[in-house]
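Observations on chain architecture
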Amino acid sequence: MKEEHLTILLLGGGRKVSLAEILKERGKDLGYNVSIISYDISLEVPIILEAEVIKGLPWNDPGVVGDICNIAEEKNVDIILPIVNGAIEVASMCKVRLPKVFIPVTDFSGAISLFDKVEAAKLFKQEGFPIPRTYTVLTAKMPAIVKPRKGGKSRGIQIFHDMEDLMHLQNLSGYIIQEYIENCKEFTVDSYIDSRGNILVSVPRERLEVMGGESTRSRTCDNAFLEKFSREVIEKLKLRGPVNLQFLYDEDTDRYLLMEVNPRLSGAVICSILAGAPIADYIIQESRGKALKPCHDWKEGTLTARYLKEAVFFD
């Protein structure tokens, strides 16, 4: 039987070589010949080892949606996946313009509020989710952690122990100010929600080591509270597709706090996939209109340790 060809366009695939490999492997096992294209602002990115790389526009460029839509039509793209935060809003806009392409992402109105940390904190509080205390400049208490409202990978995050130092930070309106919790553990829950809102899998994992905002060492864990918490967030926010939810556990006060909701694949989703969560399978099968079955038998205690590997480019 001849394999059906599938083309997947990653928005900001950059360093996600392992993800490209897994999408190809799972596609092959499911009877599809998967090819990967990555839309990046540079051609010199590691994913070129597994994908065709197309040099694109910045996510905030007015022409980026039209550019991606043109590429999707030229390359007969079947699936579009946003990989970085800046691409989430873009993907949600492409979803409206490309009805024949499978783009498993939350609608634009939902995506835009989650991408702005100040607006996201307001939304979380409105929905009754426990979050770290969020301050204004006038109400801030030390120590405080300050994060850029937009962006990711832990860029621009600062911890302040003195109010005077905080007041010297330029463009304070461009940041969110929250309580700094020193004694804590970090968790991510990798989930997949089909187009009808069914939560097919949710895998909590502890972020044991983090570099550049991404977990380089993770271990899956059986945590019924986080699974329930994640379900409540997903259902109230009407999330779709691959989603990662980030939590803090405050060891001093014994409380779990919602930090971020990213309607995209997480940087370390490979850990959950290798533990048995069929997230790559869901993406491929749902794009083909196949029936999907929930997964509850992923392996607790699966640990992945990520490492750096070079991709070499010559002039």
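Up top you'll find the structure we're talking about.
Just so it is clear, the structure is predicted and the values come from calculations on it, not from any experiment. (Residues numbered from 1 in each chain as written. Predicted model: local features only at pLDDT ≥ 70, side-chain atom pairs only at ≥ 80, totals over all residues. Heavy atoms only, no water.)

**Describing the overall build of the protein**
The secondary structure content of the protein amounts to nine helices and 14 strands. Whereas a compact globule of 315 residues would reach a radius of gyration of roughly 20 Å, the protein reaches 20 Å, a difference of no more than 12%. Along the three orthogonal principal directions, the C-alpha set of the protein runs to about 65 × 45 × 35 Å. Looking at the protein residue by residue over its 315 residues, the buried ones come to 52%. Contacts in the protein between residues at least 24 apart in sequence constitute 64% of all its contacts with a sequence separation of at least 6. (Helix = DSSP H or I, 4+ residues; strand = E, 2+ residues; numbered from the N terminus. Rg over C-alpha atoms; globule rule 2.2 N^0.38 Å. Buried < 20%, exposed > 50% of the residue type's maximum accessible area, 1.4 Å probe, protein only. Contact = heavy atoms within 4.5 Å.)

**A short note on unusual backbone geometry**
Following Met142, the chain continues into Pro143 via a peptide bond in cis, with omega recorded as -5°. Tracing the backbone shows Pro143 in the loop between strand 5 (134–135) and strand 6 (144–148). Phi is positive for Asp254, close to 55°, though the residue is something other than glycine. Mapped onto the fold, Asp254 is located in the loop between strand 12 (241–250) and strand 13 (255–262).

**Re helix 5 (residues 117–126)**
Burial in helix 5 covers these residues: Lys117, Val118, Ala120, Ala121, Leu123 and Phe124. Positive backbone phi, approximately 85°, marks Gly128, located one or two places after helix 5.

**What about the pattern of salt bridges?**
Scanning all chains against the criterion turns up 20 salt bridges. Between Lys95 and Asp107 there is a salt bridge; the shortest N-O distance is 3.8 Å. Placement of Lys95 in helix 3 (residues 86–97) and of Asp107 in the loop between helix 3 and helix 4 (108–115) is noted, with a sequence separation of 12 residues between them. Across the pair Glu179 and Arg255 runs a salt bridge whose closest N-O atoms are separated by 3.2 Å. (Salt bridge = Lys/Arg side-chain N within 4 Å of Asp/Glu carboxyl O.)

**Comments concerning the side chain of Ser191**
With respect to the secondary-structure elements, Ser191 resides in strand 9 (residues 184–193). A distance of 2.8 Å separates a polar atom in the side chain of Ser191 from a polar atom in the side chain of Ser202. Once residues lying within four places of it in the same chain are set aside, the contact partners of Ser191 are Val201, Ser202, Ile234, Gly241, Pro242, Val243 and Leu245. (Polar contact = N/O pair within 3.5 Å; in protein donor to acceptor, adjacent residues only side chain to side chain.)

**A few points about the sheet that holds strand 13**
Strand order in the open sheet made by the six strands is 13-12-9-10-11-14, with antiparallel pairing throughout. Edge strands, defined here as strands with exactly one partner in the open sheet, are strand 13 and strand 14 (303–305). If you compare each strand with its neighbour and ignore which way they point, the axes differ by 30° on average. Relative to strand 13, strand 12 is paired through seven bridges, and the arrangement is antiparallel. Bridge assignment links Leu248 to a residue of strand 13, and that residue is Leu257. (Pairing = 2+ DSSP bridges. Axes fitted to C-alpha atoms, helices over the stretch in contact; angles between N-to-C directions.)

**Re the sheet that holds strand 3 (residues 52–55)**
Read across the open sheet, the four strands follow the order 3-2-1-4; overall the sheet is parallel. Looking at which strands have only one partner, the edges of the open sheet turn out to be strand 3 and strand 4 (79–82). For this sheet the average axis-to-axis angle between neighbouring strands, irrespective of direction, equals 25°. Where strand 1 (residues 4–11) lies against strand 2 (residues 32–40), eight bridges are found, and the strand directions are parallel. From the neighbouring strand, Leu10 faces strand 2, where its bridge partner is Ser38.

**A look at the pairing of strand 9**
A large share of strand 9 lies buried, amounting to seven of its 10 residues. When strand 9 meets strand 12, the two strands line up antiparallel, connected through 10 bridges. Paired with Tyr192 across the strands is Pro242, a residue of strand 12. As defined by bridge partners, strand 9 adjoins strand 10 (residues 199–211) across seven bridges and the pair is classed as antiparallel. Following the sheet pairing, Ile193 is matched in strand 10 by Ile199.

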